[in-house]
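Examining the three-dimensional arrangement
The chain contents come next:
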Amino acid sequence: MDNKDGQSSLQSQKAAWRKSLIDKRQTLADRAWRNDMLQRVMRVWLIERPDAVIGAYWPIKGEFDPLPALFRWQEAGLEEDAKSAQRHRRIGLPVVNKVDKTLTFYTWYPGCPMEEDAYGIPKPKDTEIVTPTLIFVPCVGYGPGGFRLGYGGGFYDRTLASLQPKPFTVGLGYDFAWLPELQPEIHDVPLDAIITDTGVMWPEQRR
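These lines cover the structure that appears in this document, whether it is placed above or below.

Our next topic: helix H2 (residues 31-46). Since the α-helix packs 3.6 residues into each turn, any two residues three or four apart lie on the same face. Between its terminal C-alpha atoms H2 stretches 22 Å, which fits the 22 Å expected from 16 residues at 1.5 Å a residue. For H2, the complete set of buried residues consists of Arg 34, Asn 35, Leu 38, Gln 39, Val 41, Met 42, Trp 45 and Leu 46. Axial view of H2: buried residues confined to an arc of 165°, hence all on one face. In this structure, H2 carries Ala 32, Trp 33 and Val 44 as exposed residues pointing more than 90 degrees from its buried face.

This is the structure in structure tokens:
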């Protein structure tokens, strides 16, 4: 009984955090400035990464849009191709597998054909499946240890638990989404890094 009450309380707290943060995100007065700052943090962070295939997401409910920064990363790869044998960089967007509720990533590029998935979210239509070595994950909120608060569907946790080798995972969110009291559940998979409009939040920078 106590365990059920505790679980119910935890889910109620997460639902309250989720609603509060999404409401704040959708009414940001300084959205353009925050987005510009997070784009810059992303671009600098990506400079040292060796990845040729990166998974991202189509922004919904006021989420930060990672695609402009990734398109610039892709263009920079094309410039390097003229000087070296670097592989063509590709960007993938997730599509939900209806059977096991995991995500499969399909190639995205500006202007590629799109259609809505079962949840009304745009996804690439009839493009190539790719396997990212790095995945940018949207965060409603995030807490100690690299754990994130999502929408409650568990898609990313199931996907990351099933992928071998496991890709490097990076949460994206705004600095006000920090939840110091967020506690992971048994199925939660921690992110490898979290970056925000004010810099790297996880792992903490050494002083």
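Below, the discussion takes up the pattern of salt bridges. Counted according to the given criterion, the structure contains 11 salt bridges. Note that Arg 34 is salt-bridged to Asp 30, the shortest N-O span being 3.2 Å. For Arg 90, the salt bridge is made with Glu 128, and the minimal N-O distance between the two is 3.3 Å. Separated by 38 residues along the polypeptide, Arg 90 in strand E2 (residues 90-96) and Glu 128 in the loop between strand E5 (122-124) and strand E6 (129-130) bring together distant segments of the chain. The class of Arg 90 is partly exposed, set by a relative accessible area of 26%. Classification of Glu 128 by relative accessible area gives partly exposed; the value is 48%. Each of Asp 30, Arg 34, Asp 175 and Asp 197 takes part in salt bridges that share partners, so that together they form one network.

How each quantity is defined
- Residues numbered from 1 in each chain as written.
- Predicted model: local features only at pLDDT ≥ 70, side-chain atom pairs only at ≥ 80, totals over all residues.
- Heavy atoms only, no water.
- Helix = DSSP H or I, 4+ residues; strand = E, 2+ residues; numbered from the N terminus.
- Expected span 1.5 Å × (residues − 1).
- Buried < 20%, exposed > 50% of the residue type's maximum accessible area, 1.4 Å probe, protein only.
- Arc of directions from axis to C-beta.
- Salt bridge = Lys/Arg side-chain N within 4 Å of Asp/Glu carboxyl O.

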